[in-house]
Amino acid sequence: MQLTLVVPELVWPEPDDRATFDALVCPGLNTLIARCRLQRRAPQSFEASLGDAFGLNGSVPWAAFRVLGESQAPPAAGADPCWLCADPVHLRLHQDKLILADGSSLDISLDEAQELIAELNRQFADVGTFHVATADRWYLQLAGETNLGHFDVPPLSVVAGRKLGRQLPETPEARHLRQLLNEVQMVLYGQPANEKREETGRSTINSLWLWGAGAQAAANSSAGAGNFAGIWGADVLACGLGRAYGIPTQPLPADLGALLAQAPAGGRQLVILDTLQRPVQYEDADAYGKELARLDKHWFAPLQKALASGRIKRLRLEAATAYAALAWESGRGEQWQLWRRPQPLAATAQALARGK
């Protein structure tokens, strides 16, 4: 078996944060990566790392792929609809900068989401159709044929919990979307659902994050499929990529042992371990440390042993981090290079910060 693991935000992004690094317990990960070959590329999003695994590049229609992965997929109208992720967010001003909180941090109920989307559809029927897939994942299907040009909006994973520069590109093709977003923000401001949220001390849903624009046909015809025999994980975008390419997608097993018991012998498997992403986005060092220790016990330490024993033929560990897009690769032989001594993750972070 060959495994590709995608683990966004694997390394805590503040190399000088000794308190966080000194508290980490991850001996399995430290041994594993010490005996891997490291490749680094320019920093990129988790979504771009997934795209790399599938051989995708350029302008990828993330929204159209993500729609395919929804268990309750929004119905498409027309032969070749253009989709955008229109995810609900809260923007607040802090020291002259806008800070974005994504929908997963806002505790949005499905009733609230449907009430707000119904009003947006009443107000903007000429623009397209808004859809609710889950309480915190919304979509906009644009009306008619729309060319948005080079739509360089980063995915929500890049901006959640962080300061914003701008929301939409300053291009002529996106002018009508910029106007739409301004009007959407005004409509959201006066909605009863938001008024109730404000009365109870909860953050309002005061904007949308529009990203991932692209047509369904582009998703279905994109080159490459990563040659995976199976995909394991709950990430909806990964599920959509699996459906686009006819790759079986399964829930993430509890640990590596369960994966090896369930996956067919041979073939290349893609595993998504994305539970470190949110703690890093919202600077929750305690949650990051606890989750890293859990992943180390159930995945990284067993992986190192499975590689050394030959039960797994090859491993590629992809990690989108603040330092770089990192990829560690190893086969059985590398894991027996005992002279490559494990280093604390703090030392790894320091070396990455220095560009080594």
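Residues numbered from 1 in each chain as written. Predicted model: local features only at pLDDT ≥ 70, side-chain atom pairs only at ≥ 80, totals over all residues. Heavy atoms only, no water.

(A) Spotlight on the pairing of strand β5 (residues 128–134). Across 6 bridges, the pairing between β5 and strand β6 (residues 137–142) is antiparallel. In the strand pairing of β6, Thr134 is matched with Arg137. Here β5 hands over to β6 after 2 residues, the two strands then running antiparallel side by side. (Pairing = 2+ DSSP bridges. Helix = DSSP H or I, 4+ residues; strand = E, 2+ residues; numbered from the N terminus.)

(B) Summary view of the packing of helix α4 (residues 62–69) against helix α10 (residues 236–245). In the contact formed by α4 and α10, the axes pass within 6 Å of each other and the chain directions differ by 85 degrees. With respect to their mutual orientation, α4 and α10 come out roughly perpendicular. Contacts from Trp62, Phe65, Arg66, Leu68 and Gly69 in α4 reach Val236, Leu237, Cys239, Gly240, Leu241, Arg243, Ala244 and Tyr245 in α10. Among the residues forming the contact of α4 with α10, the class breakdown is 9 nonpolar, 2 polar and 2 charged. (Axes fitted to C-alpha atoms, helices over the stretch in contact; angles between N-to-C directions. Parallel < 35°, antiparallel > 145°, perpendicular 65-115°, else oblique. Contact = heavy atoms within 4.5 Å. Nonpolar A, V, L, I, M, F, W, Y, C, P; charged D, E, K, R; others polar.)

(C) Inspection of the packing of helix α2 (residues 27–34) against helix α13 (residues 285–309) at higher detail. Between α2 and α13, the least distance of the axes is 7 Å, while the angle of their chain directions is 40 degrees. Classed by the angle they form, the pair α2 and α13 counts as oblique. Note on packing geometry: the crossing formed by α2 with α13 is left-handed. When α2 is examined against α13, the residues Pro27, Gly28, Leu29, Thr31 and Leu32 are found in contact with a partner set consisting of Leu292, Asp296, Phe300, Ala301, Leu303, Gln304 and Leu307. Per-class residue counts for the contact of α2 with α13 are 8 nonpolar, 3 polar and 1 charged. (Left-handed = near helix turned anticlockwise from the far one by under 90°.)

(D) How the structure looks around helix α8 (residues 192–199). Where α8 is concerned, the buried positions are Ala193, Asn194 and Arg197. Seen end-on, α8 carries its buried residues on one side only, within an arc spanning 95 degrees. Of the residues in α8, the exposed ones pointing more than 90 degrees away from the buried face are Lys196, Glu198 and Glu199. Buried positions along α8 lie against α5 (110–123) and α7 (175–189). The first or second residue beyond α8 is Gly201, which carries a positive phi of 80 degrees. (Buried < 20%, exposed > 50% of the residue type's maximum accessible area, 1.4 Å probe, protein only. Arc of directions from axis to C-beta.)

(E) Summary view of the nonpolar core. Counting 67 residues, the largest nonpolar core has Leu50, Phe54, Leu100, Leu120, Phe130, Leu208 and Trp209 as the members making the most contacts within it. The dominant element in this core, judged by the number of residues it contributes, is strand β3 (residues 82–94), at 7 residues. Leaving out residues up to four positions away in the same chain, Leu208 has contacts with Ala86, Asp87, Pro88, Val89, Leu120, Phe130, Trp138, Gln167, Leu181 and Val184. (Core = buried A, V, L, I, M, F, W, Y, C linked by side-chain atoms within 4.5 Å.)

(F) Structural detail: unusual backbone geometry. A positive phi angle, close to 60 degrees, is found at Glu9, a residue other than glycine. Mapped onto the elements, Glu9 comes out in the loop between β1 (2–6) and α1 (18–22). Phi at Asp107 takes a positive value of approximately 55 degrees, unusual for a residue other than glycine. By the secondary structure assignment, Asp107 is in the loop between β4 (97–102) and α5. We classify Asp107 as exposed; its relative accessible area is 59%.

(G) How the structure looks around the pattern of salt bridges. Under the counting rule described, the total for this entry stands at 15 salt bridges. In this structure, Arg197 and Glu112 form a salt bridge, with 2.9 Å as the shortest nitrogen-oxygen distance. Linking Arg197 in helix α8 with Glu112 in helix α5, this pair joins segments that are 85 residues apart in sequence. We classify Arg197 as buried; its relative accessible area is 1%. Each of Arg41, Asp52, Arg316, Glu318 and Glu329 takes part in one network of salt bridges that share partners. (Salt bridge = Lys/Arg side-chain N within 4 Å of Asp/Glu carboxyl O.)

(H) Fine view of α4. Counting buried residues along α4, 7 of its 8 residues qualify, which places the element largely inside the surrounding structure. Within α4, burial applies to Trp62, Ala63, Ala64, Phe65, Arg66, Val67 and Gly69.

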